[in-house]
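Observations on chain architecture
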Amino acid sequence: MLKSIPKKLKTDGSISAIYGMEESGSLELPLFSARVAAGFPSPAEDHLESRLDLNQHLIRNPSSTFFVRAAGESMMEAGIYDRDLLIVDRSIEKRNRRVVIATLNGEFTVKRLVQDEEGIFLVAENPEFDNIPIRVDSDFSIWGVVTYVIHEV
Amino acid sequence: MLALADCNNFYVSCERVFRPELENQPVVVLSNNDGCIIARSNESKALGIPMGAPVFKIEDQLRRQRVNIFSSNYPLYGDMSDRVMSTFEASVPHVERYSIDEAFLELSARNEAERFSECRDLRSRVRRHTGIPISIGIAPTKTLAKVANHHAKRHPDCGGVFELGDAGKRDEVLGATEVEELWGIGRRTGIKLRRAGITTALDLQRADVSWVRREFTVNGMRTVLELRGEPCIELEMAPPAKQTICSAKSFGQLIQEWDPLASALTAYLTQAVDKLRRQQALTSAMQVFAHTNRHRRDDPQHACSVLLEFSPTDYLPELARRAVQGLRPHFREGMRYQKAGVLLLELIPRSQRVGHLWDDPEQLEKQDAVMSVMERVNRRWGRRTLNLASAQDTQQWCMRQNRRSPGYTTCWSEIPVAHAG
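Here we summarise the structure given alongside this text. (Residues numbered from 1 in each chain as written. Chains lettered and ligands numbered in written order. Predicted model: local features only at pLDDT ≥ 70, side-chain atom pairs only at ≥ 80, totals over all residues. Heavy atoms only, no water.)

1. A short note on the overall build of chain A
Here is the rule: The way it works is that DSSP assigns letters per residue, a run of H or I at least four long becomes a helix, a run of E at least two long becomes a strand, and they are numbered from the N terminus. Relative accessibility under 20% of the residue-type maximum defines a buried residue, over 50% an exposed one, and the middle range a partly exposed one, all with a 1.4 Å probe and only protein chains included. Any two residues whose heavy atoms approach within 4.5 Å at even a single point are treated as in contact.
Per the secondary structure count, chain A includes one helix and eight strands. Going residue by residue from the N terminus, the α and β elements of chain A occur as β-α-β-β-β-β-β-β-β. Buried residues in chain A amount to 36% of all 153 residues. Counted over contacts in chain A with a minimum sequence separation of 6, partners at least 24 positions apart contribute 60%.

2. Some remarks on a positive patch on the surface
Definition in use: Patch construction takes residues with relative accessible area above 30% that form no salt bridge. Like charges are linked within 9 Å, and nonpolar side chains (Val, Leu, Ile, Met, Phe, Trp, Tyr) are linked within 5 Å. Accessible surface is estimated by sampling points in the Shrake-Rupley manner with a 1.4 Å probe; for residues, cover comes only from the protein chains shown. Any Lys or Arg side-chain nitrogen located within 4 Å of an Asp or Glu carboxyl oxygen qualifies as a salt bridge. Note on charges: Lys and Arg go in the positive column, Asp and Glu in the negative column, and His and the chain ends are not counted at all. By convention, the charge on Lys lies at NZ, on Arg at CZ, on Asp at CG and on Glu at CD.
Among the surface-exposed residues, Lys275, Arg383, Arg384 and Arg404 of chain B lie close enough to one another that they form a single positively charged patch. Looking at the secondary structure, you find arginine 404 of chain B in the loop between helix H13 (361–381) and strand S14 (417–419).

3. Some points on the nonpolar core
Convention followed: Among buried residues, the Ala, Val, Leu, Ile, Met, Phe, Trp, Tyr and Cys ones that are joined through side-chain atoms within 4.5 Å form a nonpolar core.
With 51 residues, the main nonpolar core has Leu86, Ile101 and Val110 of chain A together with Phe88 and Leu105 of chain B as its most contacted residues. Formed by 37 residues, the second largest nonpolar core is a distinct cluster that contains Ala262, Tyr268, Val273 and Met286 of chain B.

4. Describing the interface of chain A and chain B
In plain terms, the rule: As used here, buried area is the combined drop in accessible area, with a 1.4 Å probe, of two parts when they are placed together. Here a polar contact means two N or O atoms within 3.5 Å. Within protein one must be a hydrogen donor candidate and the other an acceptor candidate, and residues neighboring in sequence count only if both atoms are side-chain atoms. In short, DSSP must find at least two bridges between two strands for them to pair.
Every contact between the two is made by 31 residues of chain A and, on the other side, 25 residues of chain B. Regarding the contact of chain A and chain B, the summed buried area is about 2400 Å², with carbon and sulfur atoms giving 56% of it. Taken together, the connections running from chain A to chain B amount to zero salt bridges. Applying the counting rule to chain A against chain B returns 16 residue pairs in polar contact (both at pLDDT 80 or more). Of all the secondary structure elements, the ones that give two or more residues to the side of chain A that touches chain B are strand S2 (65–71), strand S4 (99–104) and strand S5 (107–116) of chain A. With seven residues, S2 of chain A is the single largest residue contributor to the side of chain A that touches chain B. As paired strands, S2 of chain A and S14 of chain B are joined by three bridges and run parallel to one another. Among the inter-strand pairings, alanine 70 of chain A is bridged to a residue of S14 of chain B, identified as alanine 418 of chain B.

5. Points about the pairing of strand S10 (residues 281–292) of chain B
All names here are of chain B. Burial of S10 is extensive: 11 of the 12 residues sit out of reach of the surface. Strand direction decides the pairing type here: S10 and strand S13 (residues 348–349), joined by two bridges, are antiparallel. The residue of S13 that forms the bridge with leucine 282 is isoleucine 348. Two elements, S10 and strand S12 (residues 337–345), share eight bridges in a ladder whose sense is antiparallel.

6. Regarding the sheet that holds strand S8 (residues 161–163) of chain B
All names here are of chain B. Cut-off, in case you're wondering: Axis definition: a line fit to C-alpha positions, over the contact stretch in the case of helices; interaxial angles, taken between N-to-C directions, run 0 to 180 degrees.
The strand order S5-S6-S1-S7-S8 describes an open sheet built from five strands, whose pairing is mixed. Either end of the sheet is taken by a strand with one partner, and the two such strands are strand S5 (94–99) and S8. Between one strand and the next, the sheet's axes are offset by a mean angle of 20°, whatever the strand orientation. In this structure, strand S1 (residues 2–7) lies alongside strand S7 (residues 134–139), joined through six bridges in antiparallel fashion. Each residue of the ladder has a partner; that of leucine 2, found in S7, is alanine 139.

7. Digging into the pattern of salt bridges
Residue and element names in this part refer to chain B. Using the criterion set out here, one finds 25 salt bridges over all chains in the structure. With a closest N to O distance of 2.7 Å, glutamate 21 and arginine 19 form a salt bridge. On the basis of relative accessible area, glutamate 21 is assigned to the partly exposed category, the value being 29%. A single salt-bridge network, built from bridges that share partners, covers Arg277, Asp314, Arg350, Asp368 and Glu375.

8. A look at H13 of chain B
All names here are of chain B. Our working definition: To estimate the expected span of a helix, subtract one from its residue number and multiply by 1.5 Å.
Taking 1.5 Å per residue as the helical rise, H13 with its 21 residues ought to reach 30 Å, and the 30 Å between its terminal C-alpha atoms agrees with that figure. Along its buried surface, H13 packs onto helix H11 (258–278) and helix H12 (316–327). Positive phi appears at glycine 382, one or two residues downstream of H13, with a value of about 105°.

9. Quick notes on unusual backbone geometry
Although it is not a glycine, arginine 83 of chain A adopts a positive phi angle of roughly 75°. Considering the arrangement of structural elements, one finds arginine 83 of chain A in the loop between S2 and strand S3 (85–89). Of note in the backbone geometry, asparagine 24 of chain B takes a positive phi value of approximately 70° without being a glycine.

10. Some points on the packing of helix H6 (residues 142–154) of chain B against helix H7 (residues 167–175) of chain B
Residue and element names in this part refer to chain B. In plain terms, the rule: In what follows, roughly perpendicular refers to angles from 65 to 115 degrees, roughly parallel to angles under 35, roughly antiparallel to angles over 145, and oblique to any angle outside these ranges. Under the scheme applied here, ten amino acids are nonpolar (Ala, Val, Leu, Ile, Met, Phe, Trp, Tyr, Cys and Pro), four are charged (Asp, Glu, Lys and Arg), and all others, including Gly, are polar.
H7 packs onto H6 with a crossing angle of 75° between their chain directions and a minimal axis gap of 11 Å. What the angle tells us is that H6 and H7 run roughly perpendicular. Contact residues: H6 offers Leu144, Val147 and His151, while H7 offers Arg170, Val173 and Leu174. Residues of the contact of H6 with H7, tallied by class, amount to four nonpolar, one polar and one charged.

11. A look at the packing of aromatic side chains
Going by this rule: Two rings belonging to Phe, Tyr or Trp (six-membered ring only in the last case) form a pair when the distance between their centres is within 6.5 Å. Interplanar angles under 30 degrees mark stacking, angles over 60 mark edge-to-face geometry, and anything in between is tilted. Two conditions define a charge located above a ring, namely a distance within 6 Å from the ring centre to NZ of Lys or CZ of Arg, and an angle within 35 degrees of the ring normal.
With the rule as written, the count across this model stands at 16 aromatic pairs over all chains. Their ring planes at 50° and their centres at 5.5 Å tell us that phenylalanine 104 of chain B and tryptophan 183 of chain B sit as a pair that is tilted. Here the residue phenylalanine 104 of chain B occupies a position in strand S6 (residues 102–106), and tryptophan 183 of chain B occupies one in the loop between H7 and helix H8 (187–195), the gap between them amounting to 79 residues. Of the aromatic side chains, those joined through ring pairs into one cluster are Phe66, Phe108 and Trp143 of chain A together with Phe18 and Tyr408 of chain B. Lying over the aromatic face of phenylalanine 216 of chain B, lysine 192 of chain B brings its terminal NZ or CZ to 4.8 Å of the ring centre.

12. Describing empty space enclosed by the protein
Any empty space left between the atoms is revealed when a probe the size of a water molecule rolls over them. All names here are of chain B. For clarity, the cut-off: Throughout, the protein atoms alone are placed on a 1 Å grid, and a set of points is a cavity if a 1.4 Å probe fits but cannot get out or a pocket if it is open with protein on both sides within 12 Å along at least five of seven lines; lining residues have an atom within 4 Å of a point. Grid points are joined across faces, edges and corners, and a volume is the space filled by probe spheres set on the points.
Counted by the stated rule, this structure contains three cavities of 30 Å³ or more. Taken as a whole, the largest cavity holds about 50 Å³ of empty space. Surrounding the largest cavity, Asp314, Tyr315, Arg350, Arg353, Leu364, Gln367, Asp368 and Met371 form its lining. Its residues placed into classes, the lining of the largest cavity shows three nonpolar, one polar and four charged.

13. Remarks on H11 of chain B
All names here are of chain B. Between its first and last C-alpha atoms H11 spans 30 Å; for 21 residues at 1.5 Å apiece the expected length is 30 Å, and the two agree. Taking burial as the measure, the 21 residues of H11 include 16 buried ones, the bulk of the element. With its phi angle positive at about 55°, glutamine 280 sits one or two positions after the end of H11.

14. A look at the packing of H11 of chain B against H12 of chain B
All names here are of chain B. Rules: We call a crossing left-handed when the near helix sits turned anticlockwise from the far one by less than a right angle, and right-handed when that turn is clockwise.
At a minimum axis distance of 10 Å, the contact between H11 and H12 shows a crossing angle of 140°. Looking at the two axes, H11 sits oblique to H12. When you trace H11 past H12, the crossing you get is right-handed. For the pair H11 and H12, contact is made by Trp258, Leu261, Ala262, Leu265, Thr266, Leu269, Thr270 and Val273 and by Leu316, Leu319, Ala320, Ala323, Val324 and Leu327, respectively. Grouping the constituent residues of the contact of H11 with H12 by class yields 12 nonpolar, two polar and no charged.

And the structure:
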């Protein structure tokens, strides 16, 4: 199932709608076969539309979107659990309070980016983990912005 | 005006997107089979590591200088290339994808200042969206755009964008460009030009056009006119469909027996047929070949090749049977083969299949169904999931790729991991 950040579906027990989903990116459009149909034409023929495509919903900018696997539990309260799949868009503006993929000392890390009067921090969303202050001499950069989490239930 | 946008040290840059700690570190990428160096970071260039150097000759140097070494990871480079090209296509009206890491762009801006900021924006957009650094050369012709790009790369103070616009600047840069560095000037043409006293691009630009045409054909003349700012080589938006498809590779180790050679041949053919079907074409002739390593002077040498003709098809099992049976009689026991391959010829669009009287349409439909299923399975679960059994014996011929990076963007089990700890 899908959860968007911030957690919308998580606390609420009810489900507002269910859509049929296309599970893969390659749409198989129903084309007409070479054989001539002998029976009645399908009444749905004039209304053929492609099935819903999850890619369309989750990926705004295909050329700047990457998939990243989360490892660890420091972002649980943002809805990111160990082994979850993250959808990361590099083209999105790296604004304050976004959940980002940052590189810190050569390692990818997922955290919330927070900038306030005390400086820049990579903030964990789990009280058991410390926030990481970014110092001037830190080997640090923001790699991309997390847009969705895919979590198996 | 045209621009040539070129990715800086492209293969190295692809590796660095997912290994940010390698920024500012010396990095090289090796050719298939880890044979020689085909891409270098600026730091590696500064260490004096030569392009094309065979790895075994400079292994000590690489170790001593702590150079980071990668086997080539073409699935990754292909995907990153597509991302860069798509970003170009979303930004400017016309794009010619020229190679895996270069594209010619048609710029809409009217004056130099506007063009400069357009290209600056594009450069930072590509960097932000894909992580790949690029350089852009702007000029009225393709040949000059190449020169401008080269200049942009060599002079970091340009900030990655350089326009070869007014005549004064153009002459200065062309005077500093060796004639062999020009687009379309090969090694032999270079030697001939030097003998005639033409050593720089500026000399060639000022050469007599009719003399150049006489000595170097119409292609040489085009280069001269392009250097003068007259466009002769058009932007090609849709590359023409390939007339032949080749798939040939050196083996990971030399092969002396028929079975592994047949298996390698089938695997290369599988790739060729994949390309054939993707461009919706059929083939009606193919050349199949194998040869020993010419550089091993002490080994007995043998090269065999056979040309096969048949009615147009794209059915892999049939082509594989023909290729293997066709080459079998020419294979010599005990020779140490280094390379094999297939060349698909006489390509026609699928829509032009002319049915023979004795073709069984039902049979053709079945064959097509088999190929479609195979493609769907392989697209979904990865290449070579479903394969001809004869291509499975991979031990001896499979490429050596000991230092290959993960398929960060092409394989679910190898995507990057971000620590939340």
